[in-house]
Amino acid sequence: MYAASVSVFQRYLGQLAKMLQRAEASGLDPNALLQARLVPDMLPLALQAEIASNFAVRACAPLAGLEVPPFGEAGNSFAALQARIARVQQFLAALTPAQLADGAQRICTDQAGQASVSLPGAEFLALYALPNFFFHLTNAYAILRQQGVALGKADFDGWHAY
């Protein structure tokens, strides 16, 4: 469970941090970027990045049998988003494989909009937490691309080279 959760979240939160650094250095209006949306009824970049970060904790805390800690202030600047990612990375780094050893069978509960989700840990991670994390991460990437930030697939996953 550790490799399927903590390691994945650590890697892709690192990619998100790099994409946000690239956006901040792009010379584009930071406030416009942070409030940019793909379509009017979707969440803006700042919230997409914040929710992606939060999902790492919302997934790993219950898998480890821990309460989800408070997330802190909203990310209304690139610095605040980077600080949030750093706090989440610290939380993840403090987890051990032993803490998640029984996570696959542990019943994990989370709030999904107006619905409550309770699933065994393996299903919670594979069918709920990871898809939601990647949904918000992908939307953050897509917003940045739409707004003209020079990013590509290699920036998203860190594996590709073009």
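This write-up is about the structure you can find in this document. Remember, predicted model here, so these are calculated numbers, not experimental data.

A tally of helices and strands in the chain yields six helices and two strands. Helices (α) and strands (β) of the chain occur, in sequence order from the N terminus, as α-α-α-α-β-β-α-α. Here the C-alpha radius of gyration of the chain, 16 Å, is about what a compact globule of 162 residues would show, namely 15 Å. By its C-alpha atoms, the chain is 45 × 35 × 25 Å across when sized along the principal axes. Relative to its 162 residues, the chain shows a buried fraction of 43%. When contacts within the chain are restricted to residue pairs at least 6 apart in sequence, long-range pairs at least 24 apart make up 69% of them.

This part covers the pairing of strand β2 (residues 115-120). Relative to β2, strand β1 (residues 107-112) is paired through six bridges, and the arrangement is antiparallel. Residue pairing for β2: T109 is matched across the bridge by S118. In this structure, the hairpin formed by β1 and β2 is closed by a connection of two residues, where G113 is found at a positive phi of approximately 65 degrees.

Within the fold, D110 resides in strand β1. Spatially, the C-alpha atoms of D110 and P62 are 8.8 Å apart, while their sequence positions differ by 48 residues. What D110 contacts, discounting residues up to four positions off in sequence, is F55, R58, A115, S116, V117, F124 and Y128. A polar contact of 2.6 Å, which involves the side chain of D110, links it to the side chain of R58.

Rules behind the numbers
Residues numbered from 1 in each chain as written. Predicted model: local features only at pLDDT ≥ 70, side-chain atom pairs only at ≥ 80, totals over all residues. Heavy atoms only, no water. Helix = DSSP H or I, 4+ residues; strand = E, 2+ residues; numbered from the N terminus. Rg over C-alpha atoms; globule rule 2.2 N^0.38 Å. Buried < 20%, exposed > 50% of the residue type's maximum accessible area, 1.4 Å probe, protein only. Contact = heavy atoms within 4.5 Å. Pairing = 2+ DSSP bridges. Polar contact = N/O pair within 3.5 Å; in protein donor to acceptor, adjacent residues only side chain to side chain.

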